Amino acid sequence: MIIALDGPAASGKGTLARRLAAHFDLPHLDSGLLYRAVGMAIAKDGGDPSDEAAATAAARRFTTDWLSDPDLRGDAAARAASQVAAMPGVREALVDFQRAFVGQPGGAVVDGRDIGTVIAPDADAKLFVTATVEVRADRRFKELLGRGQAAIYPDVLRDLRERDERDSRRTVAPLVPAEDAYVLDTSALDAEQAFEAALAFVVGKTGRR
Ligand code: CDP
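All of these numbers come straight from a predicted model, not from anything done at the bench. Every residue gets a number counted from 1 within its own chain, in the order that chain's sequence is written. With pLDDT at 70 or above as the cut-off, local features in this predicted model cover only qualifying residues; side-chain atom pairs require 80 or more to be listed or tallied, and sums for whole chains, interfaces and linings still use all residues. The side-chain figures draw on all heavy atoms in the structure; neither hydrogens nor water molecules are used.

Caption draft 1: Summary view of the site of the ligand. Definition of nearness: a residue and a molecule or strand are near each other if at least one heavy atom of the residue lies within 4 Å of the molecule or strand. Close to the ligand lie 18 residues, the nearest being Arg 36, Arg 91, Arg 113, Arg 140 and Asp 167. At 2.6 Å, a side-chain N or O of Asp 167 approaches an oxygen atom of the ligand. Shrake-Rupley sampling with a 1.4 Å probe provides the accessible areas, and residues are treated as covered by the protein chains on show and by no other component. Out of a free accessible area of 520 Å², the ligand has 96% covered by protein chains. Secondary structure elements follow DSSP: runs of H or I of four or more residues count as helices, runs of E of two or more count as strands, with numbering from the N terminus. Those elements that provide at least two residues to the shell around the ligand are α2 (32–44), α4 (75–84) and α8 (153–169). Element by element, the count of residues in the shell around the ligand is highest for α2, at three residues. Identification of polar contacts relies on pairs of N or O atoms within 3.5 Å, with a donor-acceptor requirement for protein atoms, meaning one able to donate a hydrogen and the other able to accept it, and with residues adjacent in sequence counted only if both atoms are side-chain atoms.

Caption draft 2: Here's a closer look at the packing of α2 against helix α5 (residues 88–102). Whenever a helix is involved, its axis is fitted only over the stretch in contact; in every case the axis is a line through C-alpha atoms, and angles between N-to-C directions fall within 0 to 180 degrees. Following both chains from N to C, one finds α2 and α5 inclined at 135°, their axes separated by 11 Å at the closest point. What the angle tells us is that α2 and α5 run oblique. Considering how the two elements wind past one another, α2 and α5 form a crossing that is right-handed. Residues Leu 34, Tyr 35 and Val 38 of α2 lie in contact with α5, whose contacting residues are Val 90, Arg 91, Leu 94, Phe 97 and Gln 98. Residue classes follow a fixed rule: Ala, Val, Leu, Ile, Met, Phe, Trp, Tyr, Cys and Pro count as nonpolar, while Asp, Glu, Lys and Arg count as charged, and any other residue, Gly among them, counts as polar. For the contact of α2 with α5, a count of residues per class yields six nonpolar, one polar and one charged. Any angle from 65 to 115 degrees is called roughly perpendicular, while one under 35 is roughly parallel, one over 145 is roughly antiparallel, and all others are oblique. The hand of a helix crossing depends on one turn: near helix anticlockwise from the far one by less than a right angle means left-handed, and clockwise means right-handed. Any two residues whose heavy atoms approach within 4.5 Å are treated as being in contact.

Caption draft 3: Representation of the packing of aromatic side chains within the structure. When two rings of Phe, Tyr or Trp (its six-membered ring) have centres within 6.5 Å they constitute a pair, described as stacked for plane angles under 30 degrees, edge-to-face for angles over 60, and tilted for the intermediate range. Tallied over the entire structure, the rule returns four aromatic pairs. Every member of this aromatic cluster is reached through a ring pair, and the members are Phe 62, Trp 66 and Phe 97. We call a charge positioned over a ring when the NZ of a Lys or the CZ of an Arg lies within 6 Å of the ring centre and within 35 degrees of the ring normal. A cation over a ring is seen here: Arg 19 above Phe 195, with NZ or CZ 4.0 Å from the ring centre.

Caption draft 4: Geometry of the environment of Glu 192. Its place among the elements puts Glu 192 in helix α9 (residues 191–206). Counting along the chain gives 176 residues from Glu 192 to Leu 16, while the straight-line C-alpha distance between them is 9.3 Å.

Caption draft 5: Structural context of unusual backbone geometry. Unusually for a residue other than glycine, Asp 25 sits at a positive phi of about 55°. Within the element layout of this structure, Asp 25 appears in the loop between α1 (13–24) and β2 (28–30). Its identity is not glycine, yet Ala 173 carries a phi of approximately 45°, on the positive side.

Caption draft 6: Inspection of the environment of Met 1 at higher detail. Among the secondary structure elements, Met 1 is positioned in the segment before β1 (2–6). Along the chain, Met 1 and Gly 39 lie 38 residues apart, while their C-alpha atoms are 31 Å from each other. Ignoring any residue separated from it by four or fewer positions in sequence, one finds Met 1 in contact with Phe 24, Leu 26, Gly 106, Gly 107, Ala 108, Asp 124, Val 202, Thr 206 and Arg 208.

Caption draft 7: Just the pattern of salt bridges, in detail. When a carboxyl oxygen of Asp or Glu is within 4 Å of a side-chain nitrogen of Lys or Arg, the pair counts as a salt bridge. With the rule as written, the count across this model stands at 18 salt bridges. For the salt bridge of Arg 73 with Asp 30, the shortest nitrogen-to-oxygen distance reads 3.6 Å. One end of the pair, Arg 73, is in the loop between α3 (52–61) and α4; the other, Asp 30, is in strand β2, with 43 residues separating them in the sequence. Accessibility here uses a 1.4 Å probe with only protein chains present; expressed as a share of the type maximum, an area under 20% marks a residue as buried, one over 50% as exposed, and anything in between as partly exposed. Classification of Arg 73 as partly exposed rests on a relative accessible area of 44%. Across the salt bridge formed by Glu 143 and Arg 147, the nearest N and O atoms sit 2.9 Å from each other.

So, to be careful, I would describe these as geometric facts and stop short of saying anything about function.
Quick look at the structure:
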């Protein structure tokens, strides 16, 4: 069983993906970490994440041990990720890894921006998880504070708007719901309600409980 979750930053897709994976006992991949890892690999070498040749070369060198870097969760990594993620060569270099993950016996749960459209167009259940940008900024702000990181709400909001814009406008794998995706707006839902709604959709779609 393959479950694809896409959506903008801080929409709650990661939390939902983890919970669905636990519920169905499937492996989970947060594909955003791959782009974050590539962005950070360049930044840590003193390079510029807007340098397409450097980013593509880094993506071709990607190995799974890059995913254990704790700095990947930070905002600097997110910004670098959204820059390198707009580059066709970077996306191309990361496709095989993601398709292999999706193709594991038994299936997988993968979250990102283009999972239902590009990586796993044949997924059994596709969700497009969204929320208003203000609600998402509020969630991300609290998440950053909870992790002990300094955060200023207007900056978080501006950062999300910029990334939404960049992720939606890019020509390669833009952030759009797959035609057959269930659009789940979590603006007025807490984590539990969002999970119940997502689970009900997946059960209805796949017949698995
Ligand atoms: O939840 P948040 O957007 O903060 O983080 P993420 O999901 O780790 O994504 C970071 C950035 O990676 C996004 O802004 C996208 O530009 C990019 N990304 C992508 O292009 N395709 C994916 N499948 C996943 C992430």
